[in-house]
Amino acid sequence: MDVLSDAIAAMRTGRPSSSRLRVNSPWCYRFDRYDGAGFHVLLHGTGWLVLDDGEPTYLASGDIVLLPRGTAHVLSDTPRADNSVPFDSRVSDDPLGDTEFLCGKYRLDHTRMHPALAELPDVVHVPARARRHGQLSSAIELLTIELAEARPGREAVITGLLDLLLTYLIRAWLDDNDHDGWPRALRNRYVAATLAALHDKPDAPWRVEDLAAHVGVSRATLARKFTALTGQSPMAYLTWWRMTTAAGLLRTTDRPLAAVARQVGYSSPFAFSHAFKRHFGVTPGRYRAQGDTTRQKEADSVP
């Protein structure tokens, strides 16, 4: 199993969106906090990304920034954010603008954020001058082309490319920060094999000794390596993954509670409900109902 793919899929709650804009100086746009993740690609020109409580980040042509927690920020032609205006659908495109950028959002549920993604900083900056990620550059180039003209299948292509872009951005950060923590854990032979087993069969009656035998290392060695690199024991991670998987099933399917419980390794719906409430603070039924209410509100807000 692919842990990164599972981590992204577990958080996703809807389709991503994007827009391409050309502007002339002066320009200064505010992006409110978003319940998901946002990104910007500076296609041409230069600019600055300014957080309310952080140092401005200079952006050169070709630079990419990901805001994995949807942090409020300003995108501007100067490092100051005093005269910002909200970025929304009323912002008009200037065909003669000398600065061009691509903005997008991903709808994600941060309560189901994988601990590997929780290590991401508020801003992931991938400079063009230092970029060694060819696939990321290719995805941006294809996305720019698709946004420039209307062709059959455009929306499907854009959605797929945006999903690719998110994965490539996270990959880039993992590749550039592989000295410790989860980036290192995903590359450790024994830890990675353990994670793959837990993701492949979360319903199996795993014990640490079973996992150790599965990956070919002693129980003590596996427990020590796994905990040191991930910050939690294999059994604690298994519980977290079972609850996260169950939360996704409750929000995206109409499977009965007993079926969800069995799929994540609980023979008793009562035991599952108790574990779920301890983890999320609400019963599985209430959690599912909250998701239905949120989706209805989002649907009602669409013009």
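If you're wondering where the values come from, they're calculated on a predicted model, not measured in any experiment.

S.K.: I'd like to hear about the overall build of the chain, residue by residue, with values.
M.R.: The helix and strand tally for the chain stands at 12 helices and 10 strands. When each of the 303 residues of the chain is scored for burial, the buried share is 46%. Surface summary for the chain: the accessible area is close to 15300 Å², and the carbon and sulfur share equals 52%. Here the chain contributes 36 positively and 35 negatively charged side chains, and the mean placements of these two sets differ by 8 Å.

S.K.: Describe the pairing of strand E3 (residues 36-44), and please don't skip the residues or the numbers.
M.R.: Here E3 lies mainly inside the structure; 8 of its 9 residues are buried. Taken together, the 8 bridges between E3 and strand E9 (residues 99-107) define a ladder with antiparallel strand orientation. Across the sheet, residue Gly36 finds its bridge partner in E9, namely Arg107.

S.K.: Can you explain the sheet that holds strand E8 (residues 85-86)? Please cite residues and give values.
M.R.: Either a parallel or an antiparallel arrangement is found when strands of a sheet pair, and the pairing is made through backbone hydrogen bonds. The strand order E5-E4-E7-E2-E8 describes an open sheet built from 5 strands, whose pairing is mixed. What marks the edges here is a single partner per strand, and that holds for strand E5 (57-59) and E8. In the sheet, strand E4 (residues 47-51) pairs with strand E7 (residues 73-76) via 4 bridges, with the strands oriented antiparallel. Each bridged residue has a counterpart across the sheet, and for Trp48 the counterpart in E7 is Ser76.

S.K.: Kindly report on the pattern of salt bridges, identifying the contributing residues and their values.
M.R.: Evaluation of the coordinates by the stated rule reveals 13 salt bridges. Residue Asp93 pairs with Arg22 through a salt bridge whose shortest N-O separation is 2.7 Å. With a gap of 71 residues between them, Asp93 in the loop between E8 and E9 and Arg22 in strand E1 (residues 17-23) connect regions that are remote in the sequence. What makes Asp93 partly exposed here is its relative accessible area of 31%. Measuring nitrogen to oxygen at the nearest pair gives 2.3 Å for the salt bridge that ties Asp175 to Arg187. Of the two residues, Asp175 is situated in helix H4 (residues 154-176) and Arg187 in the loop between helix H5 (181-185) and helix H6 (189-200); the sequence distance between them amounts to 12 residues. A relative accessible area of 28% places Asp175 in the partly exposed class. Arg187 gets classed as partly exposed once you look at its relative accessible area, which sits at 44%.

What counts, and at which threshold
Residues numbered from 1 in each chain as written. Predicted model: local features only at pLDDT ≥ 70, side-chain atom pairs only at ≥ 80, totals over all residues. Heavy atoms only, no water. Helix = DSSP H or I, 4+ residues; strand = E, 2+ residues; numbered from the N terminus. Buried < 20%, exposed > 50% of the residue type's maximum accessible area, 1.4 Å probe, protein only. Areas by Shrake-Rupley, 256 points an atom, 1.4 Å probe, with all protein chains shown as cover. Lys, Arg positive; Asp, Glu negative; His and termini not counted. Charge placed at Lys NZ, Arg CZ, Asp CG, Glu CD. Pairing = 2+ DSSP bridges. Salt bridge = Lys/Arg side-chain N within 4 Å of Asp/Glu carboxyl O.

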